Amino acid sequence: MGIDALEVASLLSQIEILPMSMVNLPEVMDIERLCFPSPWSKSSFEEVLTREYSHAYVIKGMHQGKYRVIGYICFWMFLDEMHILNLAIHPKFQRQGLGYNLLQYSLNLAEKRGIHWATLEVRKSNYVAISLYKKVGFKPVRIRHNYYLDNREDAVVMEKIIGKKGGDTHGS
Ligand SMILES: CC(C)(COP(=O)(O)OP(=O)(O)OC[C@H]1O[C@@H](n2cnc3c(N)ncnc32)[C@H](O)[C@@H]1OP(=O)(O)O)[C@@H](O)C(=O)NCCC(=O)NCCS
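Residues numbered from 1 in each chain as written. Predicted model: local features only at pLDDT ≥ 70, side-chain atom pairs only at ≥ 80, totals over all residues.

(A) Spatial organisation of the site of the ligand. Taken together, 18 residues lie near the ligand, and Gln94, Gly99, Tyr100, Ser131 and Leu132 sit nearest. Counting residues per element, the ones that place at least two in the shell around the ligand are strand S4 (81-89), helix H4 (98-112) and helix H5 (127-135). With five residues, H5 is the single largest residue contributor to the shell around the ligand. Considered class by class, the residues forming the shell around the ligand number ten nonpolar, six polar and two charged. (Near = placed C-beta within 6 Å. Helix = DSSP H or I, 4+ residues; strand = E, 2+ residues; numbered from the N terminus. Nonpolar A, V, L, I, M, F, W, Y, C, P; charged D, E, K, R; others polar.)

(B) Highlighting the sheet that holds strand S1 (residues 16-19). Reading across the sheet, the seven strands line up as S1-S2-S3-S4-S5-S7-S6 and stay open at both edges, with mixed pairing between neighbours. Both edges of this open sheet fall to S1 and strand S6 (139-144), since each of them pairs with a single strand only. For this sheet, the mean inter-axis angle between neighbouring strands, taken without regard to orientation, is 30 degrees. By the bridge criterion, eight bridges tie strand S3 (residues 66-78) to S4 in an arrangement that is antiparallel. Of the residues in S4, the one forming a bridge with tryptophan 76 is histidine 83. Against the sheet, helix H2 (residues 25-35) touches strand S2 (54-63), S3 and S4, its axis set at about 80 degrees to S3. On the sheet, H5 packs against strand S5 (117-123) and strand S7 (155-161) and is oriented at approximately 165 degrees with respect to S5. (Pairing = 2+ DSSP bridges. Axes fitted to C-alpha atoms, helices over the stretch in contact; angles between N-to-C directions. Contact = placed C-beta atoms within 7 Å.)

Here it is in structure tokens:
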């Protein structure tokens, strides 16, 4: 799944984060299917793109001579809360700091919009994502038992205070 150093250098020099649009959905769906055992349907993404409080961004980069979607994030923001719904980086481009950048970009955006805390659920077994979320200041606050319908896996609920107190948890 790795990519050579030259490709990484070329990719990283041309990275851009843009709002997701309907035209991105075929590429987004390809990544979604590669990354998740129970991928979101196209209509789930369409709903995010049309709902008032939902937001979605893609990270694009040059790959094999073409400017492509290599990852995405979906979240909603309402009043003072942000909830992260989905985040993925194409397996071929993972471990290059792109997930961190996309997440940090979204948290910065939320802070500018006056959001005070962020929440998410993540599969208990997904130590890679849990590690990423901890890196940006999320803390595990509780377990939701049997949360995922496909295999009854528990979810870890994580929270982060956004802004000056970043790193502290909300409640619990
Ligand atoms: C989770 C995911 C988005 C991370 O994206 P990424 O671009 O590979 O991550 P980054 O390179 O930005 O790494 C940031 C941090 O994540 C963690 N991380 C990333 N890959 C990791 C790995 N293979 N093993 C352990 N930790 C890892 C580390 O804490 C890392 O920080 P470090 O480099 O200082 O150690 C990506 O692995 C992915 O798309 N996974 C499949 C979909 C998924 O699980 N999404 C989350 C749903 S809640």
